[in-house]
Structures are given as structure tokens and as C-alpha cells.
Amino acid sequence: MSKPTKSTSLFRLRLRRFRRIKRGYYSLLVLVAAYLLTFFLPFLMSYRAIVVSYDDQLYFPSIKSYMHEAFGIGWDYVYLAETFGQTEVDGYPIFAEADYRALQRQFEEADEGNWVLLPPIPYGPNENFLLSIEGNPPSIPSSDHWLGTDKSARDMFVRLAYGFRISISFALIVTVVAYTLGTIVGALLGYFGRWLDMIGLRFVEIWSTVPFLYTVIIIGSVFEPSFIWLAMLLAAFGWIGISYYIRGEFYREKAKDYVAAAIAVGEGNMAIIFKHILPNALTPIIAFAPFAIVSMIVALVSLDFLGYGLAPPTPSWGEMLKQAK
């Protein structure tokens, strides 16, 4: 007697169908790999060294700041930080961390066994180079700065990479929060219906008429914009559209036999909503989530371009576009 074949879940069937679309599947893999790589940017693009060997001891500036000895230089509340034996660079005293690029040259010239391991691109996203490049910024691309510098003499390529991480992280957070809220609202309205649906839908329609940009301008004039603040604000407006689709899906699914069977065996309402109906009502979420992520990136870039986005000097694609214009 042969063993019964195990049924394949709906999610696995959809995943198999998606993997057959080679262009979309491999594009997703490339995008995910690029995003995961951005979490290692401090080891790839940063003014801080990865490892410093000084007096036979290892330090990791990419993880922790080091300022070993501080002593006054004659003025109250002003201190000169002696870091790894470096107190000045090109005649200018150091008041904070070491200049690790200059420290590397200093160690090589001294040839005392100390060394510095720098990232492949040893520049930070908010580090300006007014004293190290010729002419007035913005500067043209060069071997040191592959895409040149902006008007504040900051490396454009590094800011572009850090801006990618911020944009994708922002879009993912907003989409997850907005779609979670929209799914809950749509599920409750579609499943219970009647007076809850009628009253709840009126509140959704009223909220959808609130002008988003004016709200951002008004709130932005009172509070300083931040990553979390903007994410919560966009999520507060981004859940409306998906709630309509989930509501319709629940109206369609709750009339099917498997829901009646779940009610007959005594399943609770929350179990029916989230365990039985929701897995079969994910089509709108799967279909619209990629477009929502793109729209959230565009929204953040637009707000930064208009001056209502992330506070400077945060690496921002919108601020870079504004400079380019």
C-alpha cells in the first residue's frame, strides 16, 4: 500500500511559480544581496580604520571610538586628544579621533611595527574634504572620489551607498507597519461586516481625505524630522489602500465552505481570521508589496528633495538630487 502524498502548502506553490520567472527571481536575489551588503558598509566605506595595531595591541575603531589621553592646551574646556600617539595632522591639532589615513602614513614613515588596516574606500558619508582637494566643491570624479564630491566636499559614491541602505530600510519598515495595520483593519471589517464595516469604513474614508503633504509640513514645522518619525507618519497614511483589498478578500473568502467548517468545529473568530482566511487572502499583499516598497522610497526621496525629510547631514538620495538640480 503506497503512502499518501503530502499536500503542498499554498505558499510553496506560489514560491515555485515565482521561481520560474527567472528575471524577477534573480533580480530579487541581487537586490537582497546588495541590501545585506550595506550592513557591512562600515568595513567597506568609512573614515575609521578596521583594525589598528599600536604598541603590540589591537584596536577596532570601526566598532569603538578611541581617545586614550586628553590634556589641556591652555584654554578652558578645550582638550587635545592624543590618539595612537597622533596629536596633529598637517600642522592642525586633533581634537577628536585620529585621522586614520594620516595615521597610516605616519606609521609607515616611522616603521616601528605599528600598522593600520583601512576599508577599501577609506571615506565616510559625512566627511568633507575641503582641505584635501583642489578648487571649490563640488569636484569632478577622480581616482580618490569615484563620483566626485558634493557642494560640501563629501564623497558622492559613499553617500550614494549609505543612502541606499537608508532608503531600503525606510521602505521596508514603512511597508511592514502599514501593511500589518491595513491587513488587520481590512480583515476585521471584511470578516465581521454589518455595523462594524459600515462605521469603520467611514473612518477609513475620512482619514484617506487628510492631505499627506500638508500634514508633513505642519508637523515638520513643530518637530524635527527623524527616521522613525517619518516612517511612522508614512505608515499612518500607507495602510489605507491595502485595507480595501483585504476587506474585499475577506468578504469573498468567508462565504466559502472551509470557513463554515471551521465555525462548525468551534474555532474562534481570531483563529478563523488569521489561521484560515488570511493565508488565502494574501494575494493583494504579495502583488502590491513590491510597488509599495518602491513608492515609499520615492516618498522619502521626494520629502528630502523638498526639505521635509531626514535632517542633514544624513546621506539622502533626495538631498543629492536637490544638489544636482
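Structure first, text after, so check above.
Let me sum up the structure you'll find in this document.

So, how was this worked out
Residues numbered from 1 in each chain as written. Predicted model: local features only at pLDDT ≥ 70, side-chain atom pairs only at ≥ 80, totals over all residues. Heavy atoms only, no water. Helix = DSSP H or I, 4+ residues; strand = E, 2+ residues; numbered from the N terminus. Rg over C-alpha atoms; globule rule 2.2 N^0.38 Å. Buried < 20%, exposed > 50% of the residue type's maximum accessible area, 1.4 Å probe, protein only. Contact = heavy atoms within 4.5 Å. Areas by Shrake-Rupley, 256 points an atom, 1.4 Å probe, with all protein chains shown as cover. Lys, Arg positive; Asp, Glu negative; His and termini not counted. Charge placed at Lys NZ, Arg CZ, Asp CG, Glu CD. Salt bridge = Lys/Arg side-chain N within 4 Å of Asp/Glu carboxyl O. Axes fitted to C-alpha atoms, helices over the stretch in contact; angles between N-to-C directions. Parallel < 35°, antiparallel > 145°, perpendicular 65-115°, else oblique. Left-handed = near helix turned anticlockwise from the far one by under 90°. Nonpolar A, V, L, I, M, F, W, Y, C, P; charged D, E, K, R; others polar. Polar contact = N/O pair within 3.5 Å; in protein donor to acceptor, adjacent residues only side chain to side chain. Patch = residues over 30% accessible without salt bridge, like charges linked within 9 Å, V, L, I, M, F, W, Y side chains within 5 Å.

For the rest of this paragraph, the subject is the overall build of the protein. Scanning the protein for helices and strands turns up 13 helices and 7 strands. Taken against the 2.2 N^0.38 rule, which gives 20 Å for 325 residues, the C-alpha radius of gyration of the protein at 27 Å runs more than 25% over that of a compact globule. Residue burial in the protein is summarised as follows: out of 325 residues, 37% are buried. Within the protein, contacts between residues at least 6 apart in sequence are counted, and of these 61% link residues at least 24 apart. Entry remark: accessible area of the protein is about 19,900 Å², with carbon and sulfur atoms responsible for 64%. The averaged location of the 27 negative side-chain charges in the protein is 26 Å from the averaged location of its 27 positive side-chain charges.

Turning next to the pattern of salt bridges. In the structure shown here, the tally under the stated rule is 10 salt bridges. Taking the shortest distance from any N to any O, the salt bridge between arginine 154 and aspartate 150 comes out at 3.0 Å. By the burial criterion, arginine 154 is buried, and aspartate 150 matches it. Among the ionic pairs, arginine 247 bridges to aspartate 197, the shortest N-O distance being 2.7 Å. Residue arginine 247 is found in helix α9 (residues 240-253), and its partner aspartate 197 is found in helix α6 (residues 194-208); the two are separated by 50 residues along the sequence.

On to the packing of helix α5 (residues 156-192) against helix α8 (residues 227-238). The N-to-C vectors of α5 and α8 enclose an angle of 40 degrees; their axes lie 8 Å apart at closest approach. Between α5 and α8, the angle is such that the two are oblique. As α5 packs across α8, the resulting crossing turns out to be right-handed. Seen from α5, the contacting residues are Ile166, Ser169, Phe170, Ile173, Val174, Val177 and Ala178; seen from α8, they are Phe227, Leu230, Ala231, Met232, Leu234, Ala235 and Gly238. Taken together, the residues of the contact of α5 with α8 break down into 12 nonpolar, 2 polar and no charged.

The subject of this paragraph is the side chain of serine 243. With respect to the helices and strands, serine 243 occurs in helix α9. Residue serine 243 is classed as buried on the basis of its relative accessible area, which comes to 4%. At 2.5 Å, the side chain of serine 243 forms a polar contact with the backbone oxygen of isoleucine 240. Dropping the residues within four chain positions of it, serine 243 is found in contact with Gly182, Val185, Gly186 and Val204.

With that settled, the discussion passes to a positive patch on the surface. Taken together, Arg12, Arg16, Arg17 and Arg20 make up a surface patch of like positive charges. With respect to the helices and strands, arginine 16 occurs in helix α1 (residues 10-19). Owing to a relative accessible area of 46%, arginine 16 belongs among the partly exposed residues under this scheme.

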